[in-house]
Amino acid sequence: MPPLMSLRDLVKDYGEVRALDHVSLEVEDGETLAVFGPNGAGKTTLLRIMAGIEAPTSGRIYYRGVEVDGKGLAELRRRCTMVFQRTVIFNTTVYKNVAYGLAVRGLPQNEVAKKVKDALNLVKLKGYERRPARRLSGGEQQRVALARAIVLEPELLLLDEPTANLDPETASIIEETIRYMNRERGTTVVVATHNVFGMGKVAERAILLMNGRIVEEGSVSDVLLRVSLRDAGFSMLDNIFVGWAEPTPNGTSAIDIGGGVKIEALGKRRGRVTALIPPIDIIVSKKPLDSSARNVLKGRIVEVSEAGSTVRLKVEAGRVFTAQITETSLKEMKLNVGSEVYLTFKASSIRLL
Amino acid sequence: MIGEACSRMALDILEGLRRAVELILSGDPSVLDATLRSLYVSGAATFLASILGLPIGMIIGSREFPGRRLLRGFFNALLGIPTVGLGLILYLILSRSGPLGALRMLYTPSAMILGQALLVLPILVSFTANAVENVEREIKDLSKTLGASELQASLTVFREALPSVSLAVIAGFNRALAELGVALMLGGNIAGLTRVLTTTIAMEATRGNIELSIALTIILLSIVFALSSAANVLKEKLEG
């Protein structure tokens, strides 16, 4: 059985800029592949080429062993569907949005209605059919976009940062839906993300893309481990630390992650570990919190960047931590670059590889 | 002294308003004639300009070709062309000794339609190009990845741009309806033939027929306001 899709030596140039630099990749039928990489690494370009909406400058694409040429692109687009990072919604009802792909395929009305209903149930938007889609919240719109893709039951589902800038509830609905499509319907999934905490859990295999090149490939935990060992990894993926773990008497491990910082994680571990801390699990405060959380660090904000309705803070506290807070909190606490803050997170928030 | 003049003017206007309403309610033939001709001439002009302008706007908004920016700049520059200027140029072209004099079009409704069509064409082209450009790439990619053919994707782009395009058409019609320069220069304000709302208002006011002018102005303003409101409602409807 040939792989579902093989990419051979893909190059994509935008003028002077090389977005993809000799990328070769195989996607097996039924797998979930994560494409990690920093912004600008070429993740979106790779997905757009796989989706057949962008042509590579050079290189070959095979679908189930058959080379995809100019004529095959339309056929490829009927089998693969991409969900874009920036949610695009047709200016009409939720129903017509989700039904679009079925309608252009000429499916009979009653079949369309049934499939749309199923898809909306999956993304937990039951009964939203007649609502004007553009009036929905950002998270709901992203779920409409996902429903619009899965309603087609594509063989290959390509997702570009599907949970970036979403509230945790929406993100988990989307993760669940993707997992369901993969496990129950056999949909092959390729998901590009710089968020290893959400989609990293869904995928089995991963590649790391940097400057248009695949630099790591393997199981998700292997790739993450190797990412964290790379110098570039530290700045690229947030809150990944490699350290030395020692078990403590109270059922946790103390991990020395360098820079004079020790963090406490659940589980008795000894030796070298990779620790991941979701930015959203880190509480930022101006004064030390009176809480049961095992980890409290004092630091200084070195960078503030917007990410949708939330704000990402980089905090130097021996090591650089990334915390994600709402814009409102940022304003209420009057935080800025240089502000002194406390970071608090639970031992159970830390994921050890 | 000034107070007296003011109050006399206010009385004149009030009297004018009263007579104007009477004229409208009685279905005065000259009022009806000018109104219907205005609607016909400006409607036909907008229709003609749409047939030409919407496709041009779609192409400028969605395709890359040499000279695209120049063409765009050209239409943008024409957006504010003075109506009298355009009227004069066309007058010279259509007059007996002009290059198209043989067509004998000057002082006919056809000449007015042609002139107003050229006047509103830049509005339709520029607005449509903008509307299409705003949605083009994202909507096209989305349609295609959902399985649409090139043609289906283009139609979807147009449908997404439709609320803005329909506003452009109505704005164009309003500009044609409300302009005086082209209608006067090319129509000549001939009673029963080329007399429209704006030309009648201008002429009757100078003749001292204030109440007729006011009656026609009320009609003109009503049409423009009604259309603008309808356009807003339509846009909201189309945008769901």
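Keep in mind it's a predicted model, so treat the numbers as computed, not measured.

Asks: I'd like to hear about the packing of aromatic side chains, residue by residue, with values.
Replies: In this structure the tally under the stated criterion is four aromatic pairs over all chains. Measuring from ring centre to ring centre gives 6.0 Å for A:Phe321 and A:Phe345, while their planes differ by 40°; the resulting arrangement is tilted. Of this pair, A:Phe321 sits in strand β18 (residues 319–326) while A:Phe345 sits in strand β19 (residues 340–345), and the two are 24 residues apart along the sequence. For A:Phe321, a relative accessible area of 0% gives the class buried. When the ring of B:Phe74 is compared with that of B:Phe75, the centres are 5.4 Å apart and the planes differ by 70°; the resulting orientation is edge-to-face. A residue is classified by how much of its surface remains accessible, and B:Phe74, at 47% relative accessible area, is partly exposed. Taken together through their ring pairs, the aromatic side chains of A:Phe241, A:Phe321 and A:Phe345 make up a single cluster. Here the guanidinium or amino end of A:Arg131 rests over the ring plane of A:Tyr128, the centre of that ring lying 4.4 Å away. Taking the ring centre of A:Phe90 as reference, the NZ or CZ of A:Arg148 above it sits at 5.4 Å.

Asks: Could you give an account of the confidence of the model for chain B, with specific residues and numbers?
Replies: Residue and element names in this part refer to chain B. Predicted confidence across chain B gives a mean pLDDT of 90, with 99% of residues reaching 70 or more. Ranking the elements of chain B by mean pLDDT puts helix α1 (residues 2–25) last with 81 and helix α4 (residues 83–94) first with 95. Interface confidence in the predicted complex, given as ipTM, is 0.75; pTM for the same model is 0.74.

Asks: Pulling in residues and values, what's your account of the side chain of A:Asn239?
Replies: Residues and elements named next belong to chain A. Looking at the element boundaries, Asn 239 is found in the loop between α9 (231–236) and β11 (240–247). A distance of 3.0 Å separates a polar atom in the side chain of Asn 239 from the backbone oxygen of Ile 277. A polar contact is formed between the side chain of Asn 239 and the backbone nitrogen of Thr 322, at a distance of 2.6 Å.

Asks: Describe the interface of chain B and chain A, with residues and values.
Replies: At the junction of the two partners, chain B supplies 20 residues and chain A supplies 23 residues. Of the roughly 1,900 Å² buried where chain B meets chain A, counting both sides, 49% is carbon and sulfur surface. When residues of chain B are sorted by the area they lose upon contact with chain A, B:Leu142, B:Thr145 and B:Leu146 head the list and together hold 33% of the total. When the shortest N-O distance is used, the salt bridge between B:Asp141 and A:Arg48 registers 2.8 Å. The interface formed by chain B and chain A includes 11 residue pairs in polar contact (both at pLDDT 80 or more). Of all the secondary-structure elements, those providing two or more residues to the side of chain B that touches chain A are α5 (109–145) and α6 (150–178) of chain B. The element best represented in the side of chain B that touches chain A is α5(B), accounting for eight residues. A breakdown of the residues in the side of chain B that touches chain A according to their chemical character gives seven nonpolar, six polar and seven charged.

Each value, and the rule that gives it
- Residues numbered from 1 in each chain as written.
- Chains lettered and ligands numbered in written order.
- Predicted model: local features only at pLDDT ≥ 70, side-chain atom pairs only at ≥ 80, totals over all residues.
- Heavy atoms only, no water.
- Phe/Tyr/Trp six-rings, centres within 6.5 Å; stacked < 30°, edge-to-face > 60°.
- Helix = DSSP H or I, 4+ residues; strand = E, 2+ residues; numbered from the N terminus.
- Buried < 20%, exposed > 50% of the residue type's maximum accessible area, 1.4 Å probe, protein only.
- Lys NZ or Arg CZ within 6 Å of the ring centre and 35° of its normal.
- pLDDT = per-residue confidence, 0-100.
- Polar contact = N/O pair within 3.5 Å; in protein donor to acceptor, adjacent residues only side chain to side chain.
- Contact = heavy atoms within 4.5 Å.
- Buried area = accessible area lost by both parts, 1.4 Å probe.
- Salt bridge = Lys/Arg side-chain N within 4 Å of Asp/Glu carboxyl O.
- Nonpolar A, V, L, I, M, F, W, Y, C, P; charged D, E, K, R; others polar.

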